[in-house]
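Chain and residue survey
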Amino acid sequence: MSKPKILSTRPLFPAAREILDRHFEVDYGRLGEQISRGELLKRMADKHGLICLLTEKVDEELLTAAPKLRIAATVSVGFDNIDVAACTKHRVIATNTPGVLDDTTADFAWTLLMAIARRLLEGDEWMRSGTWPGWDLDQLLGGDVWGKTLGIMGFGRIGRGVARRAQGFQMRILYSDAVRAPADVEKDLRAEFVDRDRLFQESDFISLHVPLLPDTRHLISKENLDKMKPTAYLINTSRGPVVDEAALAEAVERKKIAGAALDVFEAEPKANPALLGRKNVILTPHIASASIETRTKMAVMAANNVVACFEGKRPPDALNADALGLR
């Protein structure tokens, strides 16, 4: 009996490939190459499953081009790339990889926070240029982290992980979220629930950990940037469109805030050109979850979701299982 056919738009890691190759006939993408839209649609014509990244859209067009498709598994926590309602209409299971990258992303948010506060990249560039004249009292003065106020916008697993790390720096922690955390969580993390305005006004650092929703698109707007302290820093490891990059560029140009560090962007893979030349802005290429351990676990989760589907089980991370009547 022939095996189901799967398209994986990337080669994946050995641990994930081992799982897939044992159960399926797998068509892998090429290392370092993003599959074109036209090629993706063509190669999906006879496929029963898809493993993709955030860079591939699973929408009505793709679902129509893949009449045999039963599951679309994205190797990511976010699933902005998947039209879940369209998948449900076509009786296709959609899955993601939640939970696995929480600590890795919280670590990286702290990496950005420390780097922008202490002007790390500017110092590295100065040393590499060979022009550093030697130590002096007022060189590359940044901002302290110890004892400052950290505002966390979005207090889910990653936001709470950032708060947990902040305790080691004796920071005052404010947070804002659509749903208030339980009292025991607030007590354990020494976090105070506040409205957005107060968080913007009082925080020395603001770290974003919200999903991309109509209410959070351009949450970081000119109006809200104007509420921030001129000594405050913004860190974004959530979703690019949460930040109005043009407004942010203007804010750092006008010294309305001290700086920003972004790992995600409105129009990936590009950042707003006005941000590129700013020394008080750090830009990283969407690498918050980019540890070998975490990315491997994500790929394995996606592979196991696909295996569960073809074994007649409910995939562990199904986004639309209830809509499809799966148990």
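Summarised in this report is the structure supplied together with it. (Residues numbered from 1 in each chain as written. Predicted model: local features only at pLDDT ≥ 70, side-chain atom pairs only at ≥ 80, totals over all residues. Heavy atoms only, no water.)

1. Thoughts on the overall build of the chain
Selection criterion: Numbering of helices and strands runs from the N terminus, with a helix taken as a DSSP run of H or I at least four residues long and a strand as a DSSP run of E at least two residues long. Note on method: radius of gyration uses C-alpha positions; expected globular size equals 2.2 Å times residues raised to 0.38. Burial classification: accessible surface area is computed with a 1.4 Å probe over protein chains only, and a residue below 20% of its type maximum counts as buried, one above 50% as exposed, and the rest as partly exposed. Residue contacts follow a heavy-atom distance rule, with two residues in contact if any of their heavy atoms lie within 4.5 Å. This count recognises Lys and Arg as positive and Asp and Glu as negative, with His and chain-terminal groups excluded. Where a charge lies is defined by one atom per residue type: Lys uses NZ, Arg uses CZ, Asp uses CG and Glu uses CD.
Scanning the chain from terminus to terminus reveals 13 helices and twelve strands. Here the C-alpha atoms of the chain give a radius of gyration of 22 Å, agreeing with the 20 Å that 2.2 N^0.38 yields for 327 residues. When the 327 residues of the chain are sorted by exposure, 51% land in the buried category. Long-range contacts, defined here as pairs at least 24 residues apart, represent 59% of the contacts in the chain between residues at least 6 apart. Of the side chains in the chain, 45 bear a positive and 45 a negative charge, and the two mean positions are spaced by 3 Å.

2. Notes on the sheet that holds strand 4 (residues 71-74)
Formally: Here the rule is simple: two strands pair whenever DSSP picks up at least two bridges between them. Here the axes come from fitting lines to C-alpha atoms, over the contacting stretch only for helices, and the angles between their N-to-C directions go from 0 to 180 degrees.
The sheet built from five strands is open, its strands ordered 2-1-3-4-5 with parallel pairing. Looking at which strands have only one partner, the edges of the open sheet turn out to be strand 2 (25-28) and strand 5 (93-95). The mean angle between the axes of side-by-side strands here comes to 15°, regardless of whether they run parallel or antiparallel. Pairing of strand 3 (residues 49-52) with strand 4, which is carried by four bridges, proceeds in the parallel orientation. The residue of strand 4 that forms the bridge with G49 is I71. Sheet strands in contact with helix 13 (residues 292-310) are strand 1 (5-8), strand 3, strand 4 and strand 5, and its direction is about 165° off that of strand 4.

3. Points about the sheet that holds strand 12 (residues 281-283)
Reading across from one edge, 8-7-6-9-10-11-12 is the order of the seven strands in this open sheet, with parallel pairing throughout. Whereas interior strands pair on both sides, the edge strands pair on one side only; in this sheet they are strand 8 (191-193) and strand 12. For this sheet, the mean angle separating the axes of adjacent strands, direction not counted, is 15°. Looking at chain direction, strand 6 (residues 149-153) and strand 7 (residues 172-176) are connected through five bridges and run parallel. Along strand 7, the bridge assignment pairs M153 with S176. Where helix 7 (residues 157-166) meets the sheet, its contacts fall on strand 6, strand 7 and strand 9 (205-208), and the angle it forms with strand 6 comes to roughly 170°.

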